[in-house]
Structure formats: C-alpha cells, structure tokens
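Examining the three-dimensional arrangement
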Amino acid sequence: MREANPGAIYLKDYSAPAFLINRTELHFELGEEETLVHARLHLLRSPEHAGQAPLELQGQNLELVSVGVDFDELSPDQYRVDEDSLVIDKVPEQFVLKTTTRIRPQDNTSLEGLYKSSGMFCTQCEAEGFRKITYYLDRPDVMAVFTVTITADPARYPVLLSNGNLLDDKILADGRREVLWHDPFPKPCYLFALVAGDLQYVEDTFTTMSGREVSLNLYVEEKDLPKCDHAMDSLKRSMRWDEEVYGRMYDLDIFNIVAVDDFNMGAMENKSLNIFNTSCVLCHPDTTTDAGYQRVEAIVAHEYFHNWSGNRVTCRDWFQLSLKEGFTVFRDAEFSSDMGSRTVKRVEDVSVLRTAQFAEDAGPMAHPVRPESYIEINNFYTLTVYEKGAEVVRMIHTLLGPELFRAGSDLYFRRHDGQAVTCEDFVRAMEDASGCDLGQFRRWYSQAGTPELRVFDEYDEDARTYTLHVSQSCPATPGQASKEPFVIPLAVGLLGDAGNLRLQVAGEEPDYETDDNTHRVLVVDQAEQSFVFTDVGEHPIPSLLRGFSAPVKLDYPYSRGQLCELMSRDDDGFVRWDSAQSLARRVIEEVQQQLAAGQAARVDVLLAQACERLLGDSSLEPAMVAEMLTLPSENYLAEQAKEGEADVELISRARAAVKAAVGEACAGLFLQRYEELAITEPYAASGEQIGQRALRNLCLDYLACANSDYLALARDQFGAADNITDRLAALRALAFYGAESDWSKPLQRFLEDWRGETLAINQWFTVQALMSDSGAVERVRELMQHPAFDPRNPNKVRALVGAFCAQNPRQFHREDGAGYRLLGEVVESLNHSNPQLASRMLTPLTRWRRYRGRAELMRAELERLAALPDLSPDVYELVSKSL
Ligand code: B3K
Ligand code: ZN
C-alpha cells in the first residue's frame, strides 16, 4: 500500500476563491530541451472574502525559476513551494505576481498540461492540467482575460496558436518568431490552449446571423489535408444549427481546430482553439467508418456548442461538470437527430446508456450526475455525468415542452453569461422561465443509481377503463442506502387491434386541439401510482417509456406475442426497437437455460419469423431495420443478470447459437437483401448510404455466422470494397466466423495496404482484439509488440487492449485469468506514464462482483494492483473503491 493515500474532495467543502485574477499574461519560450513559462498574474483579494488568507497557487511537476510580487523579486524565505503548490503568506490587496517556471513538455507522457505529440507542442488543461504549465489558481471559478506570447523556432514551428485574436507576429533579432494572442473573453484556465507545430490548414468562412464573418481553420499534418472536409462541413452546420435552435451566435472572428495524434479523450473545447484527437476529426472513406463519420459530426458539434454551454457560461467547480457536459451532450444529440434519423440516433444512444451507464450505476463507482466527492476529478468524466446528465436535461425538455425549454435556456444564458455557475442555477433558470416546479425533480442530480419502474395493468371492459399501476424504486449505491422517489416522465401509448388508440386520461380535459393524441407523458413522482385511461374500447397493449423518456429500467410482463405486435405496429420507433430487443433477449436467455441444463439449444422460431417480417418491412428505413435486427450485446446481457450471476461463457454461447439459428432460418431473405442493398454509386457518408451499408453488412454477419459457405461473400466484398466500412465488415466476418486460412491473408493484406494510415491500422488492431478464439489473449500480447503499436498512444492502447477488455468478454474473462493479468500489467505500466488512461482501462476489472465463477480471479488482480507502491490517485481511486 502507498504510504499516504490521496484524500477525497467534497462538494460540501466548496468555498469561493480568496483571490481573483483579472488578467493573465503568459509568455512561452518553447524549446527542445526546456520550455520557460513567464506568467504575470494581475491578482486581487476577492471582495467577498474577508481576512488575510495567504495566496496559494497550484503547480505540479514545475521547476520554479523565480517569483516576484509587483517590482520585487521574492527571496526563498518569503514563499513556500512544494510538490503541488506555491504559497505566499504576505501579499497586498491587489498586485502583479510574476513567476517563471521551467517545464519539459517533451517528457510529459501524461498528455495533460503542455506536451508534445508527433513533434508539435499542444495542451490539454481540463480539468486540472494548467497547473502543470505554471503556478495558478487552477479552478474554474477564477476567470481571467488571457494574453499569450509565444516565442519559438519558426523553422520547426511555423504555426503558433493560442486563444482569441492574433495581435502581433514578428521575427526577433535572434531569428526566433514571436506571436501575441489576446482573448477578450474572461475564462478559467482549463480553457487555455497553445499549439506550435509544422501544420497545414484548410480554411473556410461562416457568416453569423448578425453578419460577422468568422474565419474557420482546421490545422492538420500535411498528409491529412484530404481528410478535413467532413469536419469543416460539420462545423458550419453546427454553427447554423445553434443559431436556429438556441439563438446562440459565435462571438469571435476566428475559430480554429487542431488535430493531434496523442490525446486522452475525443476533443477539447478551448476557447476558439479546439484541439481534437485525430480519430475524432479526420475523415476519409479509406480510414473512417460510417460510424466514424457520424462521430466526427457529433464531436465537432459538441465542442462547438460548448462555446456557450461551457465557455460563456462555465462551471463553478468540477462537481458541476454535468452542467456543461450533460447539457452539451443533449445539444449535440439533438443536432445529430436533426441532421439524420431521430429514431436511429435515439436507439444508438439508449443502447450505450443501457449497456454502459447502467453498469456504472450498478458498480462500485456509481455516483450521482452531480457527484458529492472525488479523489481524482479525471475519473468523473463518466457516462453518468455525460450521458445520464444529458438524459436529465432531456427530461426537463420533455416536462417543459420545447418552447418553455427554449425560454429557460435563453434565460440561463442571459442571466449567467460570463459567470461560473452550478447545476442548481441551470434548473432555477428552467423553473423561472417556465413556472414549472422542479423541486422534486432535482433528485436526479443528487441520487445515484438507475430507478426501476414496475408496471402492471387492468382493463375493465364494462367501465371501458384501462389502468396502469406504476411503482418505482432505486437500488442502493455506495453511500446512498435508500432513495426518495424521482420525478419520471413516462411517455406512453396504447396499441389496439387497428393501431394506436386516442388517449384520454381520467381527470384531464380532453385534448380537442391536436389530432395526434395517441401519445401521453405521465408524470410518475410517487413510490406507487395509478393512471386511468377512460373510454378505452378494447384491451390494449401498453407502449411504455416511448422514446426512452427517462433513464430507467422498465418491467412490464409482456408476452412474446405482445412484443411482436409492438415491434411491428407501434407508432413509436423506440418502442419498436426496444420490443425487438426484449424479444431477442428472452429467446437468448431461454437458450442460456437450455445450455446450462446440458440440453441442445432450441431457438424459438418466433424470433426468426419476426426477423423475416422486419427484413421485408419497406416502411422502415434500412438503418432502423439494422438496429432492430442487432441482437443485444454480450455486455448488455451480462448487465441484465443478477449481481454475481453473469455467466459470460453461457451468454456468449447462447447468443451465438441464436444468431446462427436466425441466420440459417432467414438465409434466403438475408441473401436477397444483401444483394439488393449493394451500392453502385461512389462512397458517400449520407444517411441513406450509411443505412444501406449497415443493413447489408448485418445480413453478411448473420449469413457468415450461420454457414461458412457464405464467407465467399465476405471474401468478394473485402476485395471489392471502396471504403473501410465494407472492408472491415468483410474482414470481421472472415475473422470472427472463419478459420485461420480464411482470415490470415486478408489481415495481412489490410496491413500492407493501409500501413501508412494509423487510424485504419487501429481498426486492424481492433478486429484482432475482438476475435473470440481461445488464443485471443496471446494474440493481443503479440500485437502489443508489433511495430505499428505504440503503448504511449492512447488511440492504439484503446484500439487493442481497450477493445479486448471491454468488448471481447468471452476471452477477457478466460477461465484461467489470463485476460485479467494482461489488463493488470497494462494498467501497471500506464500508472506512471499516463494515469488517466490507466484508470480508464481498468474499468472492466472493477465490475468483478457481477461475474459468476470469475469474481475471485478478478479481485485478486485488483488486490495485486492495490499493493503496488506509488499508485496514481487515478488508479488508486478505482482500485480502492471497487475492492
Ligand atoms: N471537456 C472535454 C473533456 C475533458 C476531459 C478531461 N479529462 C471534452 C468534452 O467533453 O467536450
Ligand atoms: Zn463536452
């Protein structure tokens, strides 16, 4: 065990800063051996803070060269400096603090602070990376106007960027170049950015609704210039959308995006200088899958939307992270829905939420959308804060309706522009603008865990009434033994023989105004409640949680026949998909029981019949059919099992048996659709083509799973594909269902053809990480030695090790524990070089309590990690909370 364990920080201990910074002047002298950072901070005691508290600045891995107050240099007895702070006891009310620090970005492998990636300098400051650059009040509620000077060798670093506007650009007497940037908007230091490198750019312009012409630039390495169009286009569409839907305009004359190879996350919304992981901005048909194109569009939009929800109005402290992230994810999801298919987007998001966020809620790291404590804030950039946070905003949108929600967001931006605020401020703005009381609704921010809704119904033929009885509960989570009822918007419909029924809720005025009153949002806000529908002429099938109106688990005793009805006829696309999932899940679980009892798998023919109907249903768009035909993932199925009972091997065998049976039973139709859906036009990342490819490749997957004769289709497709989506789908079919003789040459061929394209090679790693044969662990280990692998590059680590551990459950949970040891070793080696990545990778091990027959082995690996000396706070927090 480490000697001093890092302590927790609590929301309840928040206090406003004792000092403020009006202006921050930074001067970077960038060098190969060392970089000097000269800072002039215009500080003053906060008028709200009485007393003479000392000035305490945060700093990490810094070498302090000099420190001065106003015109005096301080002697060592006038300040204290330790591993993570600089303290000056006596300072005036208002003064300029001058420091010089020496840092070595070239040795910074944590990818936080100022570091180097492929020869270029770049920064990542959120959440607390700025303290690795210079001593500062590194907290989001300290907002300053930044002026940044950068001096560098112009031959190595022809491009020198920071936030805001370029004020000066000159060559100095010694031949070095010096630029001066100024950002007029006060900002917290987590939004600071600097880039210096040998980059090329593509440019474009956008004219705002007020007529301001904004210059848009996307900086990349020269070889990547042909991969910029999609991101640029997405940016312009995001800018327009935010004007139209939220009335939000861009506020500077320049907006830059820079692509970097080594990046811990997807992208970062630094003011006017967004920095992106190359994997989230570059697009080309040969290197980017269809899903990749959609992800780039969503992330470009997300970062752009942060300019208002995050930058103009920022967070008071990191407990409020969901204020900007939940809201911005909601905004980007709505943008994507407007750009493409709303239902498909919703289904994709819900699928992630139910598989991964629900697992987080049920695991040892469960926390509310607004956490109450943390050891390492980087561990709280979670699905709960982001995705569940977005669901919370979506519920407010549902409860208020679009107009009042917009009024609420207008008020929020108007009231808090230029401020650092809290989730509470957001909710209050929504209340004030709408007149709705969100008092009890606030529990979504403070209570962790996934609520469970139990529904049963009663039909009274004589009274023509139909009643839904609803009860809610929420399991205990760490530190929260019991929960109070949530406010749950439960969207419902009733499906009758001839379609969805018109709804009349007892006690409500009939709604004569809308024709379409087949949809209703019931507000569930008590532990038990009943809702009566009147004038119901037949016993309907309830269509529940339409559009996934709340992030809850729903339990209603549907028969398989009812699921088939909903899946083919309901007028809510989400419910159709969800019913298909439920049906498939039931069938798989039944096969699991058969296999567990030592019987052969007998797959209910109902499923294949339903699939046949879907394949022939021309009223559905192909993308939707593909979603509906996709069986629930092994991870989702494991998440459905009771704690301690998830049997990975059984789940995997049962799922495979069901897939093969459906593939076999519907082979004729799959083949027919496979042929019909072939695209003859050149590749386009249009919704239409993406949907066609998705369904076509799904047909291929079922066929290859059912019968190896169909691998011939995959071989042909692999040879003929003009895009990586089809190429990879074929390669996966060969690798997942074929023998070594089927996949070894195509894998080799892929490597040779795309050797120079690192993003394509990452996909090549992933395919091999996901092959579920018994040699998977050894193969992953071998690939970690491959010349194309780089343990310092997060994209590569995620593509190989991350994909293996998180998406190949069968082999990760190998009986002998080899998968756990592999992950343990990787985490151990990343613990020092890149703690953020180390702790991300560790997540699958922390869920050890779920798995039958594996828990002890998993726990043993965690114990081994716990005993290591010098665990980073990141890894320490996960290990200690999960044991
Ligand atoms: N705000 C950044 C995430 C920063 C993560 C720091 N560990 C990206 C985003 O959500 O837009
Ligand atoms: Zn974000």
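So, a few notes on the structure that sits alongside this text. Please read all numbers here as calculations on a predicted model, not as lab measurements. (Residues numbered from 1 in each chain as written. Chains lettered and ligands numbered in written order. Predicted model: local features only at pLDDT ≥ 70, side-chain atom pairs only at ≥ 80, totals over all residues. Heavy atoms only, no water.)

Examining the coordination of the zinc ion (ligand 2)
Protein-derived coordination of the zinc ion (ligand 2) comes from H302 (NE2), H306 (NE2), E325 (OE) and E325 (OE), at a distance range of 1.9 to 2.8 Å. Around the zinc ion (ligand 2) sit six donor atoms, and with donor-metal-donor angles ranging over 52 to 161° the site reads as irregular. In terms of primary sequence, the donors binding the zinc ion (ligand 2) are separated according to H-x3-H-x18-E. Of this pair, H306 sits in the loop between α2 (290–305) and β22 (314–315) while E325 sits in helix α3 (residues 321–339), placing them 19 residues apart in sequence. Take H306: its relative accessible area is 0%, and that puts it in the buried class. (Donors = N, O, S within 2.8 Å, 3.2 Å for Na, K, Ca; no water. Tetrahedral: all angles 85-135°; square planar, octahedral: opposite > 155°, others 65-115°. Helix = DSSP H or I, 4+ residues; strand = E, 2+ residues; numbered from the N terminus. Buried < 20%, exposed > 50% of the residue type's maximum accessible area, 1.4 Å probe, protein only.)

Side note on the sheet that holds strand β20 (residues 267–268)
Reading across the sheet, the five strands line up as β17-β18-β19-β21-β20 and stay open at both edges, with mixed pairing between neighbours. Both outer strands of the open sheet, β17 (200–207) and β20, are each paired with one neighbouring strand and no more. The pairing of strand β19 (residues 254–260) with strand β21 (residues 273–277) spans five bridges and is classified as parallel. Residue pairing in the sheet places N256 in a bridge with L273 of β21. Its contacts with the sheet put helix α1 (residues 229–246) on β17, β18 (213–220) and β19, and the angle it makes with β17 is roughly 25°. (Pairing = 2+ DSSP bridges. Contact = heavy atoms within 4.5 Å. Axes fitted to C-alpha atoms, helices over the stretch in contact; angles between N-to-C directions.)

A look at the pattern of salt bridges
One pass over the full model with this rule turns up 77 salt bridges. With a closest N to O distance of 2.9 Å, E828 and R864 form a salt bridge. One end of the pair, E828, is in helix α24 (residues 818–833); the other, R864, is in helix α26 (residues 855–866), and 36 residues separate them in sequence. Its relative accessible area of 33% is what places R864 among the partly exposed residues. Members of the salt-bridge network, linked through shared partners, are E424, D425, R428, E431 and R442. (Salt bridge = Lys/Arg side-chain N within 4 Å of Asp/Glu carboxyl O.)

Considering empty space enclosed by the protein
One pass over the structure, following the stated rule, counts seven cavities of 30 Å³ or more. Space inside the largest cavity adds up to approximately 70 Å³. Every residue lining the largest cavity is listed: K223, D224, K227, D261, T278, L282, T287, G756, E757, T758 and L759. Residue composition of the lining of the largest cavity, grouped by class: two nonpolar, four polar and five charged. (1 Å grid on protein atoms, 1.4 Å probe; cavity = no way out; pocket = protein on both sides within 12 Å on 5 of 7 lines; lining within 4 Å. Points joined across faces, edges and corners; volume = space filled by probe spheres on them. Nonpolar A, V, L, I, M, F, W, Y, C, P; charged D, E, K, R; others polar.)

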